[in-house]
2 protein chains.
Amino acid sequence: MRQKDQYGQNTGSKLPYETSLLIKDKKKKLPAQEEFIPHLAFDSVIFGFNGKQLKILVLEYHNTGLFALPGGFVKRDENLDDAVQRSLKERTGLDNIYLEQFHTFGNNARSNATIMRRILAENDYDFPDTYWLLDRFISVAYYALINYDEVAPRADELSDSINWYAINDLPTLIMDHSDMVKMALETLKRNIDKKLIGMNLLPPKFTMKQLKEVYEAILGEKLRRTTFQRKMLSMDILERHEKLFQGTAHKAPYLYSFKKIKNVDR
Amino acid sequence: MRQKDQYGQNTGSKLPYETSLLIKDKKKKLPAQEEFIPHLAFDSVIFGFNGKQLKILVLEYHNTGLFALPGGFVKRDENLDDAVQRSLKERTGLDNIYLEQFHTFGNNARSNATIMRRILAENDYDFPDTYWLLDRFISVAYYALINYDEVAPRADELSDSINWYAINDLPTLIMDHSDMVKMALETLKRNIDKKLIGMNLLPPKFTMKQLKEVYEAILGEKLRRTTFQRKMLSMDILERHEKLFQGTAHKAPYLYSFKKIKNVDR
DNA sequence: GTATTATTGTTACAAATTGAGACAATAATT
DNA sequence: AATTATTGTCTCAATTTGTAACAATAATAC
């Protein structure tokens, strides 16, 4: 209903909502095409780390058994990056999420009106054959890194649920969304040292072991403890804090945080 | 029948060219909006290497003193990558150009109707205020690598000329095209070892010195001769051929080519 | 012919980085 | 006080990279 209000508001686009009159909505308003740039979508691979596994958020559409990445559309006067941030805020409640665009998927065959029709139909929407969501879409794909523990994901109107799935135990995703996940992960691996990935997947203070586990989950391989520690410390990006007493029968590890650095892209 | 939105744009693909009748063209037909996906463009940073410098192709629009990257639009039923290849063939005459998508530019402010109006006007086109090229565009940016010597670039209809410009001596480019060049070059640097860049910027057979000069032009720094040679040979990607006798008063260098490799992205 | 010149290809050794293990330190628990 | 399971650091080996030396030419100059 929050969404309904939103779709009812003027967005700054100077266009009257003529076409929306064509859509007889039974329950809720469908996205009106005048508000958005046609043929253009975005999808987000939202990564989180639960301490053991790398996971992503996946939507399940109502009554269909269809799984998909969360995505959305760009308003007529809205920056592309802002549109993605807006949608992420709707799904996660978080502001200022770490976001990286990694590819734009533009094959003609990627769009599938049949799937979209089924999703809309199962949601009891009534829509014309010319409804814009049935058209071909080019999708700009982003990956996001968020702190797993701080988030209570919220599904969108069309979806039953939004849930965390381990990266190596995903359901089959619609259209080319599996390719998106694959490419997102490859990009993440390539960027792991440049972009200080851990900064966004971990709480502010963390142990060296936790940081190593994030790296291992992303790279999909075990790392040598001593070499990893030496490398991280030599990079001069970590600040050491007090020890963490966990009540375990061994030496307590130090807590670290990432140094506040100015003017460096993370 | 497909529906139209407020811009008069058709959102489907198989439409007659109704709207083009609105455009009274004095000389040539302007691109008709029904043929292309609205609001979506692409731009290409086309790299070549002349033996000394890294260069890119830049268009100059007729009578305006405005310089821009070559670009184009995606047909309603055309794959994004194919559209870029098609446009590159038009500019360079080459098929199967090495192409890499690197970023999609989607800021609202990047579009500039004033500039586009001026370009169209200086070309003696007559067009309505609602002409689709004056709308906001999201642009997917690619870089291409081509063999400098094999190409005779051809300007498009709106442009006076298309010419090679050294990467560090470019004219001021319109809109965000300078950002595109900058990001293309950064991506090229990052990819230089992974993607065997030289394969596409050099003739089939080349000396180690030429290969080193390509690397130096891309990275913008001098490399150590012996280290470079050792690294390249150890990568096991080069095939050694006959010596090249240049008529110079010193030892003749070997010619090399890249090994034919299957199933590896270059 | 022979000496000269400007590279080129390779080797040798030093310096730096990384791999692999050893070992002492230390929070609980027994 | 002994035991246990890490953690932080150090040591030495293995590998990679930086740097320079050097022999091998393909022309040209004499």
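Just above sits the structure.
The text that follows walks through the structure, step by step, so that each part is easy to find. Once a new chain begins, its residue numbering starts again from 1 and follows that chain's sequence as written. Numbering of ligands from 1 and lettering of chains from A proceed in the order in which they are written. Two thresholds apply to this predicted model, a pLDDT of at least 70 for residue-level local features and 80 or more for giving and counting side-chain atom pairs, whereas whole-chain, interface and lining totals are computed over all residues. Here the side-chain values reflect all heavy atoms present in the structure, with hydrogen atoms and water set aside.

As for the interface of chain B and chain A
Which entries qualify depends on this criterion: Residue contacts are counted whenever heavy atoms from the two residues lie within 4.5 Å of one another. We define buried area as the total accessible area lost by two parts upon association, computed with a 1.4 Å probe and summed across both. Whenever a carboxyl oxygen of Asp or Glu lies within 4 Å of a side-chain nitrogen of Lys or Arg, that contact is scored as a salt bridge. Pairing of N or O atoms within 3.5 Å defines a polar contact, subject to two protein rules: one partner must be a possible hydrogen donor and the other a possible acceptor, and residues neighboring in sequence count only if both atoms are side-chain atoms. Secondary structure elements follow DSSP: runs of H or I no shorter than four residues count as helices, runs of E no shorter than two count as strands, and numbering proceeds from the N terminus. Following the grouping adopted for this structure description, the nonpolar residues are Ala, Val, Leu, Ile, Met, Phe, Trp, Tyr, Cys and Pro, the charged ones are Asp, Glu, Lys and Arg, and the polar ones are all others, Gly among them.
At the junction of the two partners, chain B supplies 31 residues and chain A supplies 34 residues. For the pair chain B and chain A, the summed buried surface comes to about 2,600 Å²; carbon and sulfur atoms form 50% of the total. For the interface between chain B and chain A, the tally reads 0 salt bridges. One can count 15 residue pairs in polar contact (both at pLDDT 80 or more) joining chain B with chain A. Elements supplying a minimum of two residues to the side of chain B that touches chain A: β1 (36–49), β4 (71–75), β5 (98–105) and β6 (138–145) of chain B. No other element matches β1 of chain B, which puts 4 residues into the side of chain B that touches chain A. Of the residues that constitute the side of chain B that touches chain A, the class distribution is 10 nonpolar, 11 polar and 10 charged.

Considering the relation of the copies chain B and chain A
One copy of the chain maps onto the second through a rotation about an axis and a displacement along it. For the record, the criterion: Superposition of the copies was done by least squares, using only C-alpha atoms of residues whose pLDDT is at least 70 in both.
For the pair chain B and chain A, the superposition axis carries a translation of 0.0 Å, the fit reaches an RMSD of 0.0 Å, and the rotation angle comes to 180°. Here the symmetry operator amounts to a two-fold rotation axis. Take the interface residues of chain B: 74% of them recur as interface residues in chain A, which is what a same-surface contact looks like.

Observations regarding the packing of helix α5 (residues 208–219) of chain B against helix α6 (residues 225–234) of chain B
All names here are of chain B. Quick note on the threshold: Interaxial angle, 0 to 180 degrees, is taken between N-to-C directions of lines fitted to C-alpha atoms, where a helix line uses only the stretch in contact. Roughly parallel refers to an angle under 35 degrees, roughly antiparallel to one over 145, roughly perpendicular to one between 65 and 115, and oblique to any angle outside these ranges.
At a minimum axis separation of 11 Å, α5 and α6 run at an interaxial angle of 100°. Taken together, the axes of α5 and α6 are roughly perpendicular relative to one another. Across the interface between the two elements, Met 208, Leu 211, Lys 212 and Tyr 215 from α5 touch Arg 225, Phe 228, Gln 229, Met 232 and Leu 233 from α6. Here the contact of α5 with α6 is composed, by residue class, of 6 nonpolar, 1 polar and 2 charged.

So, the pattern of salt bridges
Pairs can form between side chains of opposite charge once their charged atoms are near each other. Threshold: Per-residue accessibility, obtained with a 1.4 Å probe over protein chains only, is compared with the maximum for each type, and a residue is labelled buried under 20%, exposed over 50%, and partly exposed between these values.
Across all of its chains, the model carries 24 salt bridges over all chains by this definition. A salt bridge links Lys 231 of chain A to Asp 193 of chain A; the shortest N-O distance between them is 3.3 Å. Taken as a pair, Lys 231 of chain A in helix α7 (residues 225–234) and Asp 193 of chain A in the loop between α4 (177–191) and α5 (198–201) lie far apart in primary sequence, 38 residues in all. Using a relative accessible area of 36% as the deciding quantity, one classes Asp 193 of chain A as partly exposed. For Arg 110 of chain B, the salt bridge is made with Asp 176 of chain B, and the minimal N-O distance between the two is 2.6 Å. With a gap of 66 residues between them, Arg 110 of chain B in the loop between β5 and α2 (113–122) and Asp 176 of chain B in the loop between β7 (159–166) and α3 (177–191) connect regions that are remote in the sequence. Judged by its relative accessible area of 8%, Asp 176 of chain B falls in the buried class. Each of Glu 78, Arg 86, Glu 90 and Arg 91 of chain A takes part in salt bridges that share partners, so that together they form one network.

Fair warning: the whole summary comes from geometry, so function is off the table for now.
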